[in-house]
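So you can see what is in the structure, the chains are spelled out below.
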Amino acid sequence: MLPAKIDPTSMRDSTALSNRFRSVSIQPRRTVAALVFLAVGAGLPAQTTAPYNPAPAEMPPIGQDAVLNWNTGAGKSYVVPAFEVPGFLTALSVYDRITIPHDVYDSTLNSTWEHLHEQHWVFDTDPFDINQFAHPYQGSMMFGFARSTGVSFWQSLAYSNVGSFIWKMAGETDLPSFNDQITTGTAGAILGESLFRMASLLLEDGGDHPGFWHEVGAAVISPPTGFSRLVFGNRFKAVFPSNDPATFMRLRWGASTDLIKTNNNLLLNEGSAYTNQKQSEAVLDFSYIYGLPGKTGYDYDRPFDYFSLEVAAQTSAHGHNFLQDIMDRGLLYGTGYAIGDNYRGIWGLYGSYDYIAPPIFRISSTALSLGTTEQWWLSRHVAMQGTAMAGAGFGAAGTIPRADGQRDYHYGLTPQGLLALRFIFGRRTMVDFTARDYYVSGTGSDDRTGSEQIFRGDVGLTFRLFKHQAVGLEYVESHRHGHYGLLPDVNQSEGTFSLVYTFLGGSRFGAVEWRENSKPETE
């Protein structure tokens with residue numbers, strides 16, 4: 001799944017890059033395959049809200065004739081994924097040898113032994129979307145093979161990391177890279193768990209014997225889950241129990257146009273795809289939140305009993321990459337809390353994987369953060385939901401100044417923060433505010449003199465027309481400040497306005513009702 005490698009070098013000057021790096025583009029069908037789960041998002045069950053009810057009884061595993069039992073762990077297998085992961089990597093290697101005309105995939109026993117013996121790790125120079133999206137998606141597959149056979153989150157994390165190590169030792173002839181190990185093994189697990197949970201919830205919605213379209217939808221969302229259910233039959237047919245979380249789903253499509261676009265001190269080469277010219281394009285985005293706080297009887301005992309996943313695509317005329325955003329965060333370890341009668345929340349340690357790619361620059365991060373997610377009933381019909389997080393991880397940021405995809409980005413330790421607020425006004429209107437800030441430092445980098453600071457903020461309005469149909473407005477503004485030694489600092493900004501049609505998973509925008517004396521509003 002990975003394209004030809006490029007020789008490493010310093011990334012300080014965009015003009016020098018054009019002479020020293022040749023282009024490698026991600027294969028479109030792979031990107032499409034990874035994004036196609038958006039199409040079935042509307043099919044996920046929308047259990048967004050419910051009036052106050054007693055705590056639900058423990059749900060037995062769906063598929064009573066299954067060997068696997070998720071509640072007791074009986075029937076899980078460590079052996080099956082131990083064969084599936086190397087088998088997947090072998091198939092990937094064969095595919096790459098046939099389809100990619102480059103000797104980087106012509107690995108042999110000698111090259112494998114050299115990597116194992118020398119352990120000479122570097123930072124590689126693949127294009128941004130390969131390193132920061134294709135590698136995590138590859139890791140999510142290896143994670144999913146273990147998860148779908150009953151293995152726990154933490155044990156499946158080991159499978160994706162070991163699989164990444166096997167690939168770096170035996171799948172390629174060039175030197176193994178630190179960044180690939182992190183993004184494939186760890187970011188892949190974060191993305192893989194969200195996809196696994198969504199696929200399981202869709203299967204659970206199908207009852208004891210999910211129908212054809214439930215099975216197909218789950219396989220599209222999480223291919224390893226579909227593979228295990230198809231190949232091993234009843235052995236892994238039991239569906240992971242969701243414990244009935246409160247959820248929110250939103251699918252939007254429409255058009256956006258640039259209102260702000262600036263590039264200061266950025267050297268753009270001849271043939272550059274990125275200029276100050278403002279452009280318009282079609283947009284598609286999907287959001288899913290699982291385990292919203294406040295649901296009576298719902299506990300946060302397992303990693304990702306709460307998670308939030310956002311994915312956005314665009315018909316960009318700026319380059320070959322149509323994937324604009326993936327922002328995925330989940331509660332790894334934490335607990336719920338209450339303040340008075342109107343406030344419920346969770347807090348603890350979150351894991352996150354972000355890939356943000358406006359047309360003029362890129363930022364990606366895999367991180368651990370301390371944070372909280374809450375809902376506060378401000379009045380009988382007005383609720384505020386929010387998340388605040390602060391932490392650090394390993395990130396990459398920079399720009400891609402040429403249409404041929406040549407690399408210009410910087411790795412490093414990345415302190416970061418997030419503040420997201422959502423105000424829900426009954427069943428009719430929702431207003432969103434989100435701010436994200438990243439500082440990709442020179443620590444842990446191959447260029448200690450370089451740093452990148454990225455800010456991204458957005459504000460949105462959603463107005464429900466009837467049932468699940470709504471319209472929306474959104475404004476997103478992004479800023480990048482790049483500093484590299486004695487070179488002039490680079491400043492880039494972009495602001496886009498979007499008008500979208502929206503399909504909602506429920507009529508209450510995800511507001512969770514736990515107050516005993518409150519009743520749902522009528523339409």
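**A look at the overall build of the protein chain**
Check the secondary structure of the protein chain and you find nine helices and 12 strands. Buried positions account for 58% of the 523 residues belonging to the protein chain. Summarising the internal contacts of the protein chain: among those between residues at least 6 apart in sequence, 71% fall at separations of at least 24. With the model as given, the accessible surface of the protein chain reaches about 20600 Å², and the carbon-plus-sulfur share is 62%.

**Quick word on helix α6 (residues 153–170)**
The terminal C-alpha atoms of α6 lie 26 Å apart, and with 18 residues this matches the ideal 26 Å at 1.5 Å per residue to within 8%. Looking at α6, one finds that the buried residues are Phe153, Ser156, Leu157, Tyr159, Ser160, Gly163, Ser164, Trp167, Lys168 and Met169. At its buried positions, α6 is contacted by α3 (79–99), α4 (109–118), α5 (128–147), α7 (178–204) and β4 (323–339).

**With respect to the nonpolar core**
Counting 76 residues, the largest nonpolar core has Tyr288, Leu309, Ile326, Tyr353 and Tyr355 as its most contacted members. Counting residues in hydrophobic clusters, the runner-up holds nine residues, among them Ile356, Phe361, Ile363 and Tyr438.

**With respect to unusual backbone geometry**
At aspartate 244, a residue that is not glycine, the phi angle is positive and equals roughly 60°. Mapped onto the secondary structure, aspartate 244 falls in the loop between α9 (223–231) and β1 (247–264). Positive phi outside glycine occurs at phenylalanine 304, with the angle close to 70°. Note that phenylalanine 304 resides in the loop between β2 (280–290) and β3 (307–314).

**Some words on the packing of α6 against α7**
Two elements in contact, α6 and α7, have axes whose closest approach is 9 Å; the angle formed by their N-to-C orientations is 145°. You can see that α6 and α7 cross each other, and the crossing is right-handed. The residues of α7 that touch α6, namely those facing Phe153, Leu157, Ser160, Asn161, Ser164, Phe165 and Lys168, are Asp180, Gln181, Thr184, Gly185, Thr186, Ala189 and Glu193. In the contact of α6 with α7, the residues fall into four nonpolar, seven polar and three charged.

**Re the packing of aromatic side chains**
Tallied over the entire structure, the rule returns 29 aromatic pairs. Ring geometry for phenylalanine 123 against tyrosine 411: centres 5.5 Å apart, planes inclined by 25°, an arrangement best described as stacked. Of this pair, phenylalanine 123 sits in the loop between α4 and α5 while tyrosine 411 sits in strand β8 (residues 409–425), and the two are 288 residues apart along the sequence. Since its relative accessible area comes to 0%, tyrosine 411 is described here as buried. Measuring from centroid to centroid gives 6.2 Å for phenylalanine 304 and phenylalanine 307, while their planes differ by 35°, and the two rings are tilted.

**With respect to a nonpolar patch on the surface**
Side chains of Leu259, Ile260, Leu461, Leu473, Phe497 and Leu499 sit close together on the surface and give an oily, nonpolar patch of about 480 Å² of accessible area. Of all the secondary-structure elements, those providing two or more residues to the nonpolar patch are β1 and β12 (490–504). Mapped onto the elements, phenylalanine 497 comes out in strand β12.

**Some points on the sheet that holds strand β5 (residues 343–356)**
Sheet architecture is closed into a barrel: 12 strands sit in the order β1-β2-β3-β4-β5-β6-β7-β8-β9-β10-β11-β12, paired in antiparallel fashion. Across the sheet, the axes of successive neighbouring strands diverge by a mean angle of 20°, strand direction being ignored. As judged from the 16 bridges shared by strand β10 (residues 450–466) and strand β11 (residues 469–484), these two strands associate in the antiparallel manner. Note that in β11 the partner of arginine 456 across the bridge is serine 478. Running at roughly 130° to β5, α5 makes contact with β4, β5, β6 (362–377), β7 (382–398) and β8 of the sheet. Sheet contacts for α7: β1, β2, β3, β4, β5, β6, β7 and β8; angle to β3, the most-contacted strand, approximately 105°.

**Some thoughts on the packing of α7 against helix α8 (residues 212–221)**
Packing of α7 against α8 brings their axes to within 8 Å, and their N-to-C directions diverge by 175°. Judged by the angle between their axes, α7 and α8 are roughly antiparallel. Side by side, α7 and α8 meet where Leu195, Met198, Ala199, Leu202 and Leu203 of the first sit next to His214, Glu215, Gly217, Ala218 and Ile221 of the second. Among the residues making up the contact of α7 with α8, the classes are represented as seven nonpolar, two polar and one charged.

**Structural notes on the pairing of β4**
Taken together, the seven bridges between β3 and β4 define a ladder with antiparallel strand orientation. When the sheet's bridge partners are listed, valine 311 is paired in β4 with isoleucine 326. Here 14 bridges tie β4 to β5, and the two strands are oriented antiparallel to one another. For glycine 336, the partnering residue across the bridge sits in β5 and is isoleucine 346. The antiparallel hairpin formed by β4 and β5 contains three residues in its connecting segment, where glycine 340 sits at a positive phi of about 70°.

**Concerning the pattern of salt bridges**
Under the counting rule described, the total for this entry stands at 19 salt bridges. Ionic pairing is found between aspartate 305 and arginine 197, a salt bridge with its closest N-O pair at 3.0 Å. Linking aspartate 305 in the loop between β2 and β3 with arginine 197 in helix α7, this pair joins segments that are 108 residues apart in sequence. By relative accessible area, aspartate 305 is classed as buried at 2%. The exposure class assigned to arginine 197 is buried, which follows from its relative accessible area of 0%.

**What about the side chain of serine 177?**
Here serine 177 lies in the loop between α6 and α7. According to the relative accessible area criterion, serine 177 is buried, its value standing at 0%. A polar side-chain atom of serine 177 sits 3.5 Å from a polar atom in the side chain of aspartate 124. Separated by 2.9 Å, the side chains of serine 177 and aspartate 180 make a polar contact.

**Looking at the confidence of the model for the protein chain**
Predicted coordinates in areas of low pLDDT are best not read in detail. Per-chain confidence: the protein chain averages 82 in pLDDT, with 81% of residues scoring 70 or above. Counting contacts from residues 1–60, a segment whose pLDDT is below 50, to residues more than four positions away or on other chains yields 176 contacts. Note on residues 269–273: pLDDT is under 50 here. Beyond four places in sequence and across chains, it has 13 contacts.

Definitions and limits used
- Residues numbered from 1 in each chain as written.
- Predicted model: local features only at pLDDT ≥ 70, side-chain atom pairs only at ≥ 80, totals over all residues.
- Heavy atoms only, no water.
- Helix = DSSP H or I, 4+ residues; strand = E, 2+ residues; numbered from the N terminus.
- Buried < 20%, exposed > 50% of the residue type's maximum accessible area, 1.4 Å probe, protein only.
- Contact = heavy atoms within 4.5 Å.
- Areas by Shrake-Rupley, 256 points an atom, 1.4 Å probe, with all protein chains shown as cover.
- Expected span 1.5 Å × (residues − 1).
- Core = buried A, V, L, I, M, F, W, Y, C linked by side-chain atoms within 4.5 Å.
- Axes fitted to C-alpha atoms, helices over the stretch in contact; angles between N-to-C directions.
- Left-handed = near helix turned anticlockwise from the far one by under 90°.
- Nonpolar A, V, L, I, M, F, W, Y, C, P; charged D, E, K, R; others polar.
- Phe/Tyr/Trp six-rings, centres within 6.5 Å; stacked < 30°, edge-to-face > 60°.
- Patch = residues over 30% accessible without salt bridge, like charges linked within 9 Å, V, L, I, M, F, W, Y side chains within 5 Å.
- Salt bridge = Lys/Arg side-chain N within 4 Å of Asp/Glu carboxyl O.
- Pairing = 2+ DSSP bridges.
- Parallel < 35°, antiparallel > 145°, perpendicular 65-115°, else oblique.
- Polar contact = N/O pair within 3.5 Å; in protein donor to acceptor, adjacent residues only side chain to side chain.
- pLDDT = per-residue confidence, 0-100.

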